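# Chain and residue survey
Here are the chains, one letter per residue:
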Amino acid sequence: MSKVRIFADSTSDVPQDWIDKYNIGIVPLYIVFQDKSYLDQKEINIQDMYNLVEIYGHLPKTAAPPPADFIQVFRPVIEDGEDVLYISMSSQLSSTYQNALAAAREFPVGRITIVDSLNVSAGTAMNVLLAAEMASEGKSALAIAEWLETARHEIHLNVLVDNLNYLHKGGRVSNLQHMLGSMLRIRPILYVRHGRVLSGVKYRGSKERIVKKLLQDILSHIHRIDHDQIIIAHTLEEETAEWMRNFILEETSIRTVHIIEGGCSICSHSGPHSLAISFILKSEPLVQALK
């Protein structure tokens, strides 16, 4: 059985220490300002992107890597005798998944397996981490993919947006919603379901109060949350992310809380000072599931 190499795209926000530990390959998306494009996390970082937003006065567009980009990174791995398992951002949000499928058809059948994470950022990162752990245990690409296609529906992602400015610039909220939200200090929660980003509850008040309320709401389901690991993603909010990790570890029996930094693809939509939390929510209480 061939060894499996895990790949993801840059919207997964997989941190460098995971890349090094599990030899994960990353296919970057493109960040596009007018007629200039940059490879996400290679040619542009989030601070560069925010600076360009201030200069241009508008948000960048993101573009999926074409099939040729996938072929370029997959080919040497296949030639070395490894199989590829690529975990894509949600197919509902980008053509990245379809482009990876097109690239896979250029290789022998069975050598490249493509999985739609139906998620982004920390949600996709959770898929990638679980897959990398399974690959390190010697599982085949097909076995990992079959498992992920069930597990992905239990991987949840909640995103706390700091303000409505980027959602307004991106056309996701109206001028009136932007004005009222700014006046009332409303911070919306976005969440991912079935591959789509939806708007959920809207919190009002200071960031400290809202972050604690968000955690309390999520942890009210602790009897169904998988206790192995949770992932927190942030954009320029490292201190708050550390506080969230300490809160979770002190208040629950969850064993590991990873902190990752959001890249340009995600930040171009959520804006700076956003926070996200990904967790596995079992359909049945864990006590019953263990019987």
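Now for a quick tour of the structure. The shown structure was predicted, so the numbers you read here are calculated from the model rather than taken from an experiment.

Conventions we followed
- Residues numbered from 1 in each chain as written.
- Predicted model: local features only at pLDDT ≥ 70, side-chain atom pairs only at ≥ 80, totals over all residues.
- Heavy atoms only, no water.
- 1 Å grid on protein atoms, 1.4 Å probe; cavity = no way out; pocket = protein on both sides within 12 Å on 5 of 7 lines; lining within 4 Å.
- Points joined across faces, edges and corners; volume = space filled by probe spheres on them.
- Helix = DSSP H or I, 4+ residues; strand = E, 2+ residues; numbered from the N terminus.
- Buried < 20%, exposed > 50% of the residue type's maximum accessible area, 1.4 Å probe, protein only.
- Pairing = 2+ DSSP bridges.
- Right-handed = clockwise from strand over helix to strand, strands pointing away.
- Polar contact = N/O pair within 3.5 Å; in protein donor to acceptor, adjacent residues only side chain to side chain.
- Axes fitted to C-alpha atoms, helices over the stretch in contact; angles between N-to-C directions.
- Contact = heavy atoms within 4.5 Å.
- Salt bridge = Lys/Arg side-chain N within 4 Å of Asp/Glu carboxyl O.
- Left-handed = near helix turned anticlockwise from the far one by under 90°.
- Nonpolar A, V, L, I, M, F, W, Y, C, P; charged D, E, K, R; others polar.
- Phe/Tyr/Trp six-rings, centres within 6.5 Å; stacked < 30°, edge-to-face > 60°.
- Lys NZ or Arg CZ within 6 Å of the ring centre and 35° of its normal.

### What to know about the layout of surface pockets
- When its volume is computed, the second largest pocket comes out at roughly 360 Å³.
- Around the second largest pocket sit 20 residues that line it, and Val 14, Gln 16, Ile 19, Asp 40 and Gln 41 are the ones nearest its centre.
- Those elements that place two or more of their residues in the lining of the second largest pocket are helix 1 (16–22) and strand 2 (25–27).

### Topic: the pairing of strand 6 (residues 83–88)
- Of all 6 residues that make up strand 6, 6 are buried, and the element is covered over most of its length.
- Residue alternation in strand 6 divides its side chains into two sets, Asp 83, Leu 85 and Ile 87 and Val 84, Tyr 86 and Ser 88, and both sets are buried.
- Note that strand 1 (residues 4–9) and strand 6 share 5 bridges and pair parallel. By the bridge assignment, Ala 8 is partnered in strand 6 with Ile 87.
- Strand direction decides the pairing type here: strand 6 and strand 7 (residues 112–116), joined by 5 bridges, are parallel. Paired with Val 84 across the two strands is Ile 112, which belongs to strand 7.
- Crossover strand 6 to strand 7 through helix 4 (residues 96–104) is right-handed.

### Points about the side chain of Thr 252
- Examined against the element boundaries, Thr 252 turns out to sit in the loop between helix 10 (238–251) and strand 12 (256–261).
- Here Thr 252 falls in the buried class, since its relative accessible area comes to 16%.
- In this structure the side chain of Thr 252 is engaged in a polar contact, spanning 2.7 Å, whose partner is the backbone oxygen of Ile 248.
- Within polar-contact distance, the side chain of Thr 252 engages the backbone nitrogen of Ile 254 at 3.1 Å.

### Here's the deal with the sheet that holds strand 5 (residues 61–63)
- With respect to topology, 3 strands assemble into an open sheet ordered 4-3-5, the strand pairing being antiparallel. Looking at which strands have only one partner, the edges of the open sheet turn out to be strand 4 (36–39) and strand 5. Averaged over all neighbouring strand pairs, the angle between strand axes comes to 30 degrees, with direction disregarded.
- Where strand 3 (residues 30–33) meets strand 5, 3 bridges bridge the pair, whose relative direction is antiparallel. Along strand 5, the bridge assignment pairs Val 32 with Lys 61.
- Sitting on the sheet, helix 2 (residues 46–56) is in contact with strand 3 and strand 4, with an inclination near 20 degrees to strand 3.

### Side note on the pattern of salt bridges
- Taken as a whole, this structure holds 7 salt bridges when the rule is applied.
- The partner of Arg 111 in a salt bridge is Asp 83, with the nearest N and O atoms 2.7 Å apart. With Arg 111 in the loop between helix 4 and strand 7 and Asp 83 in strand 6, the pair connects residues that are 28 residues apart, well separated along the chain.
- For Asp 83, a relative accessible area of 13% corresponds to the buried category.

### Points about the packing of helix 5 (residues 121–136) against helix 6 (residues 141–151)
- Running from amino to carboxyl end, helix 5 crosses helix 6 at an angle of 150 degrees, the nearest separation of the two axes being 10 Å. Between helix 5 and helix 6 lies a crossing of right-handed hand. Residues Asn 127, Leu 130, Ala 131, Met 134 and Ala 135 of helix 5 touch helix 6, and the partners they reach there are Ile 144, Trp 147 and Leu 148.
- A per-class count over the contact of helix 5 with helix 6 returns 7 nonpolar, 1 polar and no charged.

### Focus: the packing of helix 9 (residues 207–219) against helix 10
- Between helix 9 and helix 10, the least distance of the axes is 11 Å, while the angle of their chain directions is 35 degrees. Considering how the two elements wind past one another, helix 9 and helix 10 form a crossing that is right-handed. Across from Val 211, Lys 212, Leu 215 and Leu 219 in helix 9, the residues of helix 10 making contact are Thr 240, Trp 243, Met 244, Phe 247 and Ile 248.
- Its residues placed into classes, the contact of helix 9 with helix 10 shows 7 nonpolar, 1 polar and 1 charged.

### Observations regarding the environment of Pro 188
- Its location among the elements puts Pro 188 in strand 9 (residues 186–193).
- The class for Pro 188 is buried, based on a relative accessible area of 3%.
- In this structure, the C-alpha to C-alpha distance between Pro 188 and Val 159, residues 29 residues apart in sequence, is 8.3 Å.

### As for the packing of aromatic side chains
- Applying the stated criterion to the full structure yields 6 aromatic pairs.
- Each ring, one from Trp 243 and one from Phe 247, has its centre 5.3 Å from the other, and the planes form 25 degrees; the classification is stacked. Residue Trp 243 and its partner Phe 247 are both found in helix 10; the two are separated by 4 residues, about one turn of the helix.
- Three or more aromatic residues joined by ring pairs make a cluster, and in this case those are Phe 7, Phe 70, Phe 74 and Tyr 86.
- For Lys 36, the ring lying beneath its charged end belongs to Tyr 38, and the centroid distance is 5.5 Å.

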